[in-house]
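Here's the letter readout for the chains.
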Amino acid sequence: MRSEQREMINGFFVTAFNRILAWEDQSLRSIGKKDISVREMHIIEAVSMLEGKNMNTMANIAKVLSVSPGSLTTAVNALVAKEYLVRWRSETDRRVVLVSPTEKGVEVNERHKQFHNEMVEFVMQNVTEDELDVVLATLKRLTEFFMEKAAVKR
């Protein structure tokens, strides 16, 4: 790999990461949600996704987000206080803590889904089928790499 290729790849990651975060933040602000961060939005997104699979325990949420249970507890406490999430103990096993989005949490998650759909639609409309196969194979390898690097070490 040439030096300029390395710089272009690095530039892509830096620019894409920062711009996606800025766009996500703008998306939240556009619907009047000034009391929530992008990081908090991703917690709501994970809770919503896991609730749909009846797997919305604190342990599962922490695992999906690759965060420690303590870090998740702090974040969930803040989101409960802001009325985006509710939390309760399982009736069958009191050690298990479940989390669900409130109506306010569902609303903000729906807007976040629209944000993601815009990104996917752009790719689908601007990439040929042959290019898409290469993009998907590359994204699969990148996802595996990031999953390995971001795994929580306990």
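The rules we used
- Residues numbered from 1 in each chain as written.
- Predicted model: local features only at pLDDT ≥ 70, side-chain atom pairs only at ≥ 80, totals over all residues.
- Heavy atoms only, no water.
- Salt bridge = Lys/Arg side-chain N within 4 Å of Asp/Glu carboxyl O.
- Helix = DSSP H or I, 4+ residues; strand = E, 2+ residues; numbered from the N terminus.
- Buried < 20%, exposed > 50% of the residue type's maximum accessible area, 1.4 Å probe, protein only.
- 1 Å grid on protein atoms, 1.4 Å probe; cavity = no way out; pocket = protein on both sides within 12 Å on 5 of 7 lines; lining within 4 Å.
- Points joined across faces, edges and corners; volume = space filled by probe spheres on them.

## Concerning the pattern of salt bridges
Next up, step 1: Summed over all chains, the structure comprises 9 salt bridges.
Next up, step 2: For Glu40, the salt bridge goes to Lys82, with nearest N and O atoms at 3.0 Å. Of this pair, Glu40 sits in helix H2 (residues 38-51) while Lys82 sits in the loop between helix H4 (69-81) and strand S1 (85-89), placing them 42 residues apart in sequence.
Next up, step 3: Using a relative accessible area of 11% as the deciding quantity, one classes Glu40 as buried.
Next up, step 4: What makes Lys82 partly exposed here is its relative accessible area of 26%.
Next up, step 5: For the salt bridge of Arg95 with Asp93, the shortest nitrogen-to-oxygen distance reads 2.9 Å.
Next up, step 6: For Arg95, a relative accessible area of 72% puts it in the exposed group.
Next up, step 7: A relative accessible area of 24% places Asp93 in the partly exposed class.

## With respect to unusual backbone geometry
Most of the time, phi is negative for any residue but glycine, and the peptide bond is trans.
Next up, step 1: With a phi close to 55 degrees, Ser66 is a non-glycine residue in the positive phi region.
Next up, step 2: The topology assignment puts Ser66 in the loop between helix H3 (58-65) and H4.
Next up, step 3: The backbone of Glu83 shows a phi angle near 70 degrees, a positive value even though the residue is not glycine.
Next up, step 4: Structurally, Glu83 can be placed in the loop between H4 and S1.

## Some points on the layout of surface pockets
Next up, step 1: Estimated volume of the largest pocket: approximately 1800 Å³.
Next up, step 2: Along the wall of the largest pocket there are 35 residues; nearest its centre are Ile20, His116, Met119, Thr143 and Phe146.
Next up, step 3: Going through the elements one at a time, helix H1 (3-30), H2, H3, helix H5 (103-126) and helix H6 (129-149) are the ones with two or more residues in the lining of the largest pocket.
Next up, step 4: Ranked by residue count, the leading element in the lining of the largest pocket is H6, at 10 residues.

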